[in-house]
Amino acid sequence: PIQKDPKLRFVSLSRALLCDSSVIMAAKSSSITLGGKGSAFSSSSVYKVASGVANVVIDSAAFERFSTKSLQLIKRSSFGIPEGLTNEEIRASLVVLLNKLLLSNSGSSSPSSSTVRSVLPVKILEILNSKNESFDFGEIEVTEGENVVLEKSWASLIGLCSIIDHKSTALSQIVDSVAALSCEATKGDITSFSSLDSGDGFGCKDAISVAGDLKVLLNGSKAVGKFDIEEISKIPRIHGKFRDVVRSLHSDARIELNSGVKGGKTGSGNSGVGEALGATLSALSKPIKSLGECSFLRAKLCFESIGNEDLRNLLFEKSSVEYENLKNDLKLAYDALFEEDYCGFAQKLNESIGIVWRIVGLEAVAAFSALSGEKKTNDEDKEKKSKDVKKAVLGKGTSVVIQFIKDNGGGGDKMEPLSQWVEQILNLFNPEGHSFESFLAKVKEIVESNDSRRLPKLPKGTRDFAEAQMVIREKAFAIIQNVFKKHGATALDTPVFELRETLMGKYGEDSKLIYDIADQGGELCSLRYDLTVPFARFVAMNGITSFKRY
């Protein structure tokens, strides 16, 4: 009877899936709940479901909305997912589609005993939580509202954007640590990193941030500072721009993930989603290419410091192949964008991100090999090298990264094949690898750790005046002061803060110009905003009627 009656089938499957959520959570490392009140869907959640490390559970209240609506159904032969997507991309499309159905509250007509209930959410949930690698959607029956969501939600494009967002965000956090290793392996000069922040507020915020992270990783290093290398000097700007566009993508992806399909039966409220996300992704394509190219060039420099010829040749061959693949994939991506095939463009961009991950991983292997004593040299070579070359002192951060790589496969067995050893290290840089999360956590710990303190920095809008600037300032001020004195003016200096009640009399209670200071001996004080109020207070306190001052 359950197989024949769609109504009974829906109720049975709904209850089974809800009751078995504990089994789902036990079977996998985590579960993602959709449809909860006030909950927000993220790119990270999409990626977990897409990569198969998390199952999906629908909030019981959201399930109830579907199970109590009786609507006329429409037959469809597909879910509207483009052909040619990988399993990961299909799963991302499906979980976004399921969330869109929940958000859009589709199917709002009044119940009727002559109609049957929709089983689309349960069907998608079954597919997502199954272990099958092949997806057989078959013919489906949907409500009119659900049909609009299938047609107008851009679920596949948003799913692809979410995967790209997650991978790019993780890459932006890892790539700096790899670049820091290359700085040491190539003995590059990093003094230019400090010149990015002039203190005048016009510096590139993200480039300055990258430079700060690199200085933390390289804090205490004696291996840098010997050679002026362009590929090293431009790291902050290349990586900073990548951070900038990734942040923009993250913001757009978050908005689209948590927006329902608007516009009633036509879905007209979703017009322009494809073009908007296409524009966001196109802004990411160039920084992806620059990031991969910069990493490839740094890796080539690191190869020169590897004594083992077999390893050097292997890494060069692998890196060259990946770099050519990156250029070819981006060409295909641009072709798809030109044809306004936004899903095709996003898919090629997703492939490009994966290639850049490989390039960065190969750079890490090269730098690690150069810094840790060239893996796979024979014992005599190692002994000779230890006598002839004094080991350089690495940065506090990079030394931790080196040790982590050694502890997770980088140490290796001397008899282990080179290619297998390289792949073990590359697995640390694979977002789907079992060691990646621990590696990412280690990098974050280093950058944010109190043990590797950032160099002190100025607050925004302020700057230091060193010797050269002070010579000019003192001379200029002396000229101005002499002019004042010739006209009978005297000097006056007032405190930088005043009683809050004094400032409030000028600016008013709701003024945004007032910055309060913590209680000073029982008095409420605030920073002065200009010199008018302090001067008026001085005049009132001293009974002055005529005064020339500077």
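Residues numbered from 1 in each chain as written. Predicted model: local features only at pLDDT ≥ 70, side-chain atom pairs only at ≥ 80, totals over all residues. Heavy atoms only, no water.

1. Notes on the overall build of the protein
On a plain count of helices and strands, the protein comes out with 21 helices and 9 strands. When the 550 residues of the protein are sorted by exposure, 45% land in the buried category. When contacts within the protein are restricted to residue pairs at least 6 apart in sequence, those whose partners lie at least 24 apart make up 82%. For the protein, the accessible surface area stands at approximately 28500 Å², while carbon and sulfur atoms represent 52% of it. (Helix = DSSP H or I, 4+ residues; strand = E, 2+ residues; numbered from the N terminus. Buried < 20%, exposed > 50% of the residue type's maximum accessible area, 1.4 Å probe, protein only. Contact = heavy atoms within 4.5 Å. Areas by Shrake-Rupley, 256 points an atom, 1.4 Å probe, with all protein chains shown as cover.)

2. Some words on the packing of helix H9 (residues 205–217) against helix H11 (residues 235–257)
Viewed as axis vectors pointing N to C, H9 and H11 meet at an angle of 120°, and their least axial separation amounts to 7 Å. As judged from the angle between their axes, H9 and H11 are oblique. Read as a crossing pair, H9 and H11 show a hand that is right-handed. Contact with H9, carried on its side by Asp206, Ala207, Ser209, Val210, Ala211, Asp213 and Leu214, involves Ile235, Pro236, Arg237, His239, Gly240, Arg243, Asp244 and Arg247 of H11 and no other residues of that element. Residues belonging to the contact of H9 with H11 are distributed by class as follows: 6 nonpolar, 3 polar and 6 charged. (Axes fitted to C-alpha atoms, helices over the stretch in contact; angles between N-to-C directions. Parallel < 35°, antiparallel > 145°, perpendicular 65-115°, else oblique. Left-handed = near helix turned anticlockwise from the far one by under 90°. Nonpolar A, V, L, I, M, F, W, Y, C, P; charged D, E, K, R; others polar.)

3. Some points on the pattern of salt bridges
The full count for this structure, using the stated rule, is 16 salt bridges. Residue Asp206 pairs with Arg247 through a salt bridge whose shortest N-O separation is 2.8 Å. Residue Asp206 is found in helix H9, and its partner Arg247 is found in helix H11; the two are separated by 41 residues along the sequence. A salt bridge links Asp244 to Arg247, with the nearest nitrogen and oxygen atoms 3.5 Å apart. One end of the pair, Asp244, and the other, Arg247, are both in helix H11, 3 residues apart, so they sit about a helical turn from each other. What makes Asp244 partly exposed here is its relative accessible area of 29%. Taking relative accessible area as the criterion, Arg247 reaches 43% and is therefore assigned partly exposed. (Salt bridge = Lys/Arg side-chain N within 4 Å of Asp/Glu carboxyl O.)

4. So, a negative patch on the surface
On the surface, a cluster of negative charge is made up of Glu275, Asp335, Glu339, Glu340 and Asp341. Among the structural elements, Glu339 can be located in the loop between helix H13 (309–338) and helix H14 (342–372). On the accessibility criterion, Glu339 (59% relative accessible area) is exposed. (Patch = residues over 30% accessible without salt bridge, like charges linked within 9 Å, V, L, I, M, F, W, Y side chains within 5 Å. Lys, Arg positive; Asp, Glu negative; His and termini not counted. Charge placed at Lys NZ, Arg CZ, Asp CG, Glu CD.)

5. Quick look at helix H18 (residues 436–448)
Compared with an ideal rise of 1.5 Å per residue, which puts 13 residues at 18 Å, H18 spans 18 Å between its outermost C-alpha atoms and is within 8% of the ideal. Taken together, the buried positions of H18 are occupied by Phe436, Phe439, Leu440, Val443, Ile446 and Val447. For H18, the buried positions fall inside an angular range of 125° around the axis, keeping them on one side. (Expected span 1.5 Å × (residues − 1). Arc of directions from axis to C-beta.)

6. Describing the confidence of the model for the protein
Per-residue confidence for the protein averages 81 on the pLDDT scale, and 79% of its residues sit at or above 70. When pLDDT is averaged over each element of the protein, helix H19 (residues 467–486) comes out on top at 95 and helix H2 (residues 21–27) at the bottom at 40. This model gives residues 376–380 a pLDDT under 50, and the stretch forms 9 contacts once residues within four places in sequence are excluded. Confidence drops under a pLDDT of 50 for residues 384–389, and excluding neighbours within four residues, the segment shows 2 contacts in the predicted structure. (pLDDT = per-residue confidence, 0-100.)

7. Quick notes on the packing of helix H12 (residues 273–303) against H13
Running from N to C, H12 and H13 cross one another at 165°; their axes reach a closest spacing of 10 Å. As the angle between them shows, H12 and H13 are arranged roughly antiparallel. Crossing of H12 against H13: the hand is left-handed. Listed contacts from H13 to Gly278, Ser282, Ser285, Lys286, Ile288, Lys289, Gly292, Glu293, Phe296, Lys300 and Phe303 of H12 are Arg312, Leu315, Phe316, Ser319, Ser320, Tyr323, Leu326, Leu330, Tyr334 and Leu337.

8. Observations concerning the packing of aromatic side chains
Counted under the stated rule, the structure contains 10 aromatic pairs. One aromatic cluster is present, formed by Phe404, Phe429 and Phe439 through successive ring pairs. Of note, Arg473 hangs over the ring of Phe465, and the distance from its end group to the ring centre comes to 3.7 Å. For Arg549, the ring lying beneath its charged end belongs to Phe535, and the centroid distance is 4.8 Å. (Phe/Tyr/Trp six-rings, centres within 6.5 Å; stacked < 30°, edge-to-face > 60°. Lys NZ or Arg CZ within 6 Å of the ring centre and 35° of its normal.)

9. What about unusual backbone geometry?
Of note, the phi angle at Trp154 is positive, near 55°, even though the residue is not glycine. In this model, Lys187 sits at a positive phi of 60°, which is unusual for a non-glycine residue. Inspection of the secondary structure puts Lys187 in the loop between helix H8 (155–185) and H9. The class for Lys187 is partly exposed, based on a relative accessible area of 33%.

10. Quick look at the state of the cysteines
Overall, the coordinates contain 0 disulfides when judged by the stated rule. With no disulfide of its own, Cys161 has Cys343 as its nearest cysteine by sulfur position, at a separation of 8.5 Å. Distance from the sulfur of Cys302, which forms no disulfide, to the nearest cysteine sulfur (Cys183) is 9.1 Å. Taking relative accessible area as the criterion, Cys302 reaches 0% and is therefore assigned buried. (Disulfide = S-S within 2.5 Å.)

11. Examining the environment of Val148
Locating Val148 in the fold gives a position in helix H7 (residues 144–152). Look at Val148 and you get buried, because its relative accessible area is 11%. With 44 residues separating them along the chain, Val148 and Ser104 place their C-alpha atoms 9.8 Å apart.

12. Describing the side chain of Glu498
When you line up the elements, Glu498 lands in strand S7 (residues 497–499). Judged by its relative accessible area of 7%, Glu498 is buried. Aside from chain neighbours lying at most four places away, what touches Glu498 is Leu503, Leu524, Cys525, Ser526, Pro534 and Arg537.

13. Some remarks on the environment of Leu301
Among the secondary structure elements, Leu301 is positioned in helix H12. For Leu301 and Glu363, which are 62 residues apart along the polypeptide, the C-alpha to C-alpha distance reads 9.5 Å. Aside from chain neighbours lying at most four places away, what touches Leu301 is Thr186, Ile229 and Glu231.

14. Topic: a nonpolar patch on the surface
Taken together, the side chains of Val496, Phe497, Tyr515 and Leu527 present a nonpolar region at the surface, about 380 Å² in accessible area. Positionally, Tyr515 belongs in strand S8 (residues 515–520). Given a relative accessible area of 55%, Tyr515 falls into the exposed group.

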